[in-house]
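As a plain string of letters, each chain reads:
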Amino acid sequence: MSLKKILTIAGSDTSAGAGMQADLKTFQEYNTYGMVALTAVVAMDPETWAHDVTPLPIELLDKQIKTALSIGPDAIKTGMLGTEEIIQRAAKAFEDSDAAYFVVDPVMVCKGEDEVLNPGNTDAMIKYLLPLATIVTPNLFEAGQLSGLGKLTTIEQMKEAAEIIHQRGAKHVIIKGGKALESDEALDLYYDGDTYTLLTTDKFQSSYNHGAGCTFAAATTANLALGKSPREAVIAAKGFVASAIKHGWKMNEFVGPVQHGAYNNVEKIEVTTKEV
Ligand code: ADP
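In short, a report on the structure.

Rules of the game
- Residues numbered from 1 in each chain as written.
- Predicted model: local features only at pLDDT ≥ 70, side-chain atom pairs only at ≥ 80, totals over all residues.
- Heavy atoms only, no water.
- Near = heavy atom within 4 Å.
- Polar contact = N/O pair within 3.5 Å; in protein donor to acceptor, adjacent residues only side chain to side chain.
- Areas by Shrake-Rupley, 256 points an atom, 1.4 Å probe, with all protein chains shown as cover.
- Helix = DSSP H or I, 4+ residues; strand = E, 2+ residues; numbered from the N terminus.
- Core = buried A, V, L, I, M, F, W, Y, C linked by side-chain atoms within 4.5 Å.
- Buried < 20%, exposed > 50% of the residue type's maximum accessible area, 1.4 Å probe, protein only.
- Pairing = 2+ DSSP bridges.
- Contact = heavy atoms within 4.5 Å.
- Axes fitted to C-alpha atoms, helices over the stretch in contact; angles between N-to-C directions.
- Expected span 1.5 Å × (residues − 1).

1. Considerations on the site of the ligand
Near the ligand there are 18 residues, and of these N139, K176, K179, D188 and F204 occur at the shortest range. The separation between an oxygen atom of the ligand and a polar side-chain atom of D188 is 2.5 Å. Burial of the ligand by the protein chains amounts to 97% of its free accessible area of 550 Å². Where the shell around the ligand is concerned, the elements lending two or more residues are strand 8 (185–191), helix 7 (212–225) and helix 8 (230–246).

What follows is the structure in structure tokens.
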């Protein structure tokens, strides 16, 4: 099988657990060819780990997308986009490409910071990204925003949110209950417009899980590019990220990233599924 090419449109996390670094590491674990169109650079203050976000000029993003599309990605993933203008560019990049899959990770907060990057972005994601998305991968908070339902605390509410997000155009929705849902297990809800499936693994340590969301979406994208169905792709991605979280490591007193290569090199975590 020919090498599959994947473009991520995302920010750089200098600490390299999340962002485009997580995407590239994950794409590599699947032996796919990762490419990047960078939206912003995030650096951290070594004393406080306060995040410093520098957006790149939009013309520079345009040039990168042009280059990457000329190489012909089989799949495109989005990460931190940050502004409405960039959200529109990401949508257009997919439309202008011959890529078969578009995975939208609707990043709204930069991990370590609490504020929503920009509330207008949620509307832009709904308008421009959801209608194109093969799979959208919101966490509990993001699903509450994209559905307009606000705070979600139960599986029933996650189902309602998934239905609304699906109606808004995303063909497949996976809501990550993950770390936010009160449960002894790590539960994610997958919806394909027909059936709701709960994906479950044990819940592992949560001190060193920086980059879990990016890694999950990147693994989903790689599995799609390799020809798995959306359902198979999210199940495989969940096993991949659960292994990465279980073997997360302490970087310093502020942060610990997931171990992106844990699934292939340390331990493969099993995922169970159940219709709900
Ligand atoms: P985000 O980083 O976007 O907020 P999450 O960390 O909630 O996303 O979820 C990313 C993936 O990691 C999901 O599949 C979620 O279920 C899983 N996950 C999150 N925390 C844990 C944990 N402590 N143990 C096992 N899996 C987890």
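2. Points about the nonpolar core
Within the largest apolar cluster, 45 residues are counted, with the highest numbers of intra-cluster contacts made by I9, L129, V136, L146, I165 and I175. In terms of residues, this core owes the most to one element, helix 3 (residues 84–96), which gives six residues. In this structure, I6, A244, I245 and V258 belong to the second largest nonpolar core, which totals 26 residues.

3. What about the sheet that holds strand 1 (residues 5–13)?
Strand order in the open sheet formed by 10 strands is 3-2-1-4-5-6-7-8-9-10, and the pairing between neighbours is mixed. Edge strands, defined here as strands with exactly one partner in the open sheet, are strand 3 (51–55) and strand 10 (272–275). The pairing of strand 9 (residues 196–202) with strand 10 spans four bridges and is classified as antiparallel. Residue pairing in the sheet places L199 in a bridge with T273 of strand 10. Docked against the sheet, helix 3 engages strand 1, strand 2 (33–44), strand 4 (75–78) and strand 5 (101–104), running at close to 160° with respect to strand 5. On top of the sheet, helix 8 reaches strand 6 (135–136), strand 7 (172–176), strand 8, strand 9 and strand 10; it is set at about 20° to strand 9, its chief contact.

4. Overview of helix 8
Look at helix 8: 24 Å from first C-alpha to last across 17 residues, which is about the 24 Å you get at 1.5 Å a residue. With respect to burial, helix 8 is a largely interior element, 12 of its 17 residues being buried. Those residues of helix 8 that fall on the buried side of the exposure criterion are P230, A233, V234, A237, K238, G239, F240, V241, A242, S243, A244 and I245.

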